[in-house]
Amino acid sequence: MQLRDGLRAPAPQAPSAPAPRAWLLRPAGPVPVLLLAGVLLARAARVAVAFAQGGMDNAFVVHAGQVWLHGGAPYADRRFLYLPSAVPFAAAQALLPAPVLRVVAPVVCVGCVAGGWWCAVRLFSVPARSRFAVLGLLGLVLFWAPVGDLVNLGNWTAVSALALPLALLLADRGRWTAAGVVLGVSVAIKPLLVPVVLLLVLARRWRALAWTVALPVALSVGAALIMPDPGGFFTRTLPFLLKGGDALMRPFDCSLPAVLPRLGVPPLLAEAVALAAAAGGVLCAWRRWRRGGPGPARLADTAAMLMLASYLVSRPSYEHYLVVVVPLLVAGALEAGSVARSPWFWAALVPQVPGFAFPHLDPSIRRAFKDAATLCGLAVVLALRCARPTAPHTTTAPAEAALP
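Reference entry: report on the structure contained in this document.

So, how was this worked out
Residues numbered from 1 in each chain as written. Predicted model: local features only at pLDDT ≥ 70, side-chain atom pairs only at ≥ 80, totals over all residues. Heavy atoms only, no water. Axes fitted to C-alpha atoms, helices over the stretch in contact; angles between N-to-C directions. Helix = DSSP H or I, 4+ residues; strand = E, 2+ residues; numbered from the N terminus. Parallel < 35°, antiparallel > 145°, perpendicular 65-115°, else oblique. Left-handed = near helix turned anticlockwise from the far one by under 90°. Contact = heavy atoms within 4.5 Å. Nonpolar A, V, L, I, M, F, W, Y, C, P; charged D, E, K, R; others polar. Buried < 20%, exposed > 50% of the residue type's maximum accessible area, 1.4 Å probe, protein only. Arc of directions from axis to C-beta. Core = buried A, V, L, I, M, F, W, Y, C linked by side-chain atoms within 4.5 Å. Polar contact = N/O pair within 3.5 Å; in protein donor to acceptor, adjacent residues only side chain to side chain. Expected span 1.5 Å × (residues − 1). Patch = residues over 30% accessible without salt bridge, like charges linked within 9 Å, V, L, I, M, F, W, Y side chains within 5 Å. Areas by Shrake-Rupley, 256 points an atom, 1.4 Å probe, with all protein chains shown as cover. Salt bridge = Lys/Arg side-chain N within 4 Å of Asp/Glu carboxyl O.

**A short note on the packing of helix α6 (residues 98–123) against helix α7 (residues 131–143)**
With their axes 11 Å apart at the nearest point, α6 and α7 run at an angle of 140° to one another. One way to sum up the angle between α6 and α7 is to call them oblique. Crossing hand, α6 versus α7: right-handed. Here α6 contributes Ala-114, Trp-117 and Val-121 to the contact with α7, which in turn contributes Phe-132, Ala-133, Gly-136, Leu-137 and Leu-140. Split by residue class, the contact of α6 with α7 holds 7 nonpolar, 1 polar and no charged.

Okay, structure coming up:
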């Protein structure tokens, strides 16, 4: 009997989730949650104490709003780099008392970053209170400089950091029209997400595309009718951008047309290289969409590739623009075949670790070289993933299924 029992094949066991993944998907305790809340509040409080108008970049838009409220032309200041549809939003900030504005601006900025991360993890079906969600956001805030720089500046890129994952979350759940509305409002405030229009074209979601285009156009036309010299956007702002800004902006511009000439490349050749790189990125995004595949990674990879391709060629491009893309890719790290599982993805982020020092690149006037290295590294790593001819055969169950 014992021999027969010993020869009997053991009963098959159901596969279980890998131990690290299962641990990350369990609910975070109160200590990590309180720690994250404390860090986010401290980040916002620092800006509120240091900057009267919620950050240097936020001060530019507040000034434009104040000029318009007093009957002036907001585009008289060439550093107001937004569509006419953004002027009412700037005016709304300008109406706030200074003590209120200096608190509200960084709190909203931090809230947008946290909200974008929440949408990104929910896109990949990761529980919002899991250790991965809590510790992931804590790591981004503490150990990745662009998040801190974005909050310090009070830049409206924070709106895009929330809008892109929110739109993808809605699209993944079949609510494409709502996703188009979110993208349209975001473009009206800051046109950073314009490249995502190509995702709607690839998906043939024409109603969503119509909302994305119509909202900023309608709001811009309406605002132009009630402001002096709305044509300043075309006569001053666009030429200013096409020339790469001014001496304050150029040292921080990490786009290829700005960085390559500083390395001795002729400007025309730099433009050609940038256009070719951006076109290659769009092609890789198209291949990723055509390849399909299970889960939301198709949406996230395609949108992120389109955004990185635009950063390579558009002027200006700043390192805090990466806050729109990187958290979205990191949120998919628990998915099989995710780009965030590549060691090269994390290697590309190393130059943005606070305290990272490299000879001759420490002064602020040279930091664009580190930023360009991160941008190009991320673009290459994601492009190689998107260009793969076939999808991986392994699939990952929804994250909730791995919970004990």
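Read on, since the account is not over.
**As for helix α13 (residues 232–242)**
All buried positions along α13 are accounted for by Gly-232, Phe-233, Thr-237, Phe-240 and Leu-241. Buried residues of α13, seen end-on, are gathered within an arc of 100° and therefore sit on one face of the element. Those residues of α13 that are exposed and angled more than 90 degrees off the buried face are Phe-234, Thr-235 and Leu-242. Positive backbone phi, approximately 85°, marks Gly-244, located one or two places after α13.

**Re the nonpolar core**
One recurring pattern in soluble globular proteins: nonpolar side chains tend to sit buried together. Judged by nonpolar contacts, the single largest core of 122 residues is most densely connected at Leu-308, Tyr-311 and Phe-345. Ranked by residue count, the leading element in this core is α6, at 12 residues. Sequence-distant contacts of Phe-345, that is, excluding residues within four places in its chain, are made with Val-326, Leu-329, Val-330, Val-339, Ala-340, Leu-378 and Val-381.

**A look at the side chain of Glu-319**
Within the secondary structure, Glu-319 is located in the loop between α16 (297–313) and α17 (326–330). Side chain to side chain, Glu-319 and Arg-367 meet in a polar contact 2.9 Å long. Dropping the residues within four chain positions of it, Glu-319 is found in contact with Ala-145, Pro-146, Asp-149, Cys-254, Gln-352, Arg-367 and Asp-371.

**Let's talk about the environment of Val-353**
Summarising the element assignment, Val-353 is placed in the loop between α18 (343–349) and α19 (367–386). With 208 residues separating them in the primary sequence, Val-353 and Ala-145 have C-alpha atoms 5.8 Å apart.

**Some words on helix α9 (residues 157–172)**
Under the 1.5 Å per step criterion, the end-to-end length of α9 is 23 Å for 16 residues, consistent within 8% with the ideal 22 Å. The element α9 is extensively covered by neighbouring structure, given that 12 of its 16 residues are classed as buried. Those residues of α9 that sit buried are Thr-157, Ala-158, Ser-160, Ala-161, Ala-163, Leu-164, Pro-165, Ala-167, Leu-168, Leu-169, Leu-170 and Ala-171. In the core, the buried residues of α9 are packed alongside α6, α8 (145–153), α10 (176–189), α11 (197–203), α16 and α17. Backbone geometry just downstream of α9 places Gly-174 in the positive-phi region, at approximately 85°.

**Section: a nonpolar patch on the surface**
Residues Val-213, Val-217, Val-221, Leu-225 and Ile-226 make up a contiguous nonpolar surface patch of about 490 Å² in total accessible area. Considering the arrangement of structural elements, one finds Val-217 in helix α12 (residues 206–224).

**Structural notes on the pattern of salt bridges**
Throughout the structure, instances matching the rule amount to 7 salt bridges. Notably, a salt bridge pairs Arg-367 with Glu-319, separated by 2.9 Å at the nearest N-O pair. Here Glu-319 lies in the loop between α16 and α17 and Arg-367 lies in helix α19, a separation of 48 residues in the sequence. Of the residues examined, Arg-367 reaches a relative accessible area of 22% and is grouped as partly exposed. Across the pair Asp-371 and Arg-367 runs a salt bridge whose closest N-O atoms are separated by 3.3 Å. Of this pair, Asp-371 and Arg-367 are both found in helix α19, 4 residues apart, which corresponds to roughly one turn of the helix. Several salt bridges converge on common partners, so that one network encompasses Asp-149, Glu-319, Arg-367 and Asp-371.

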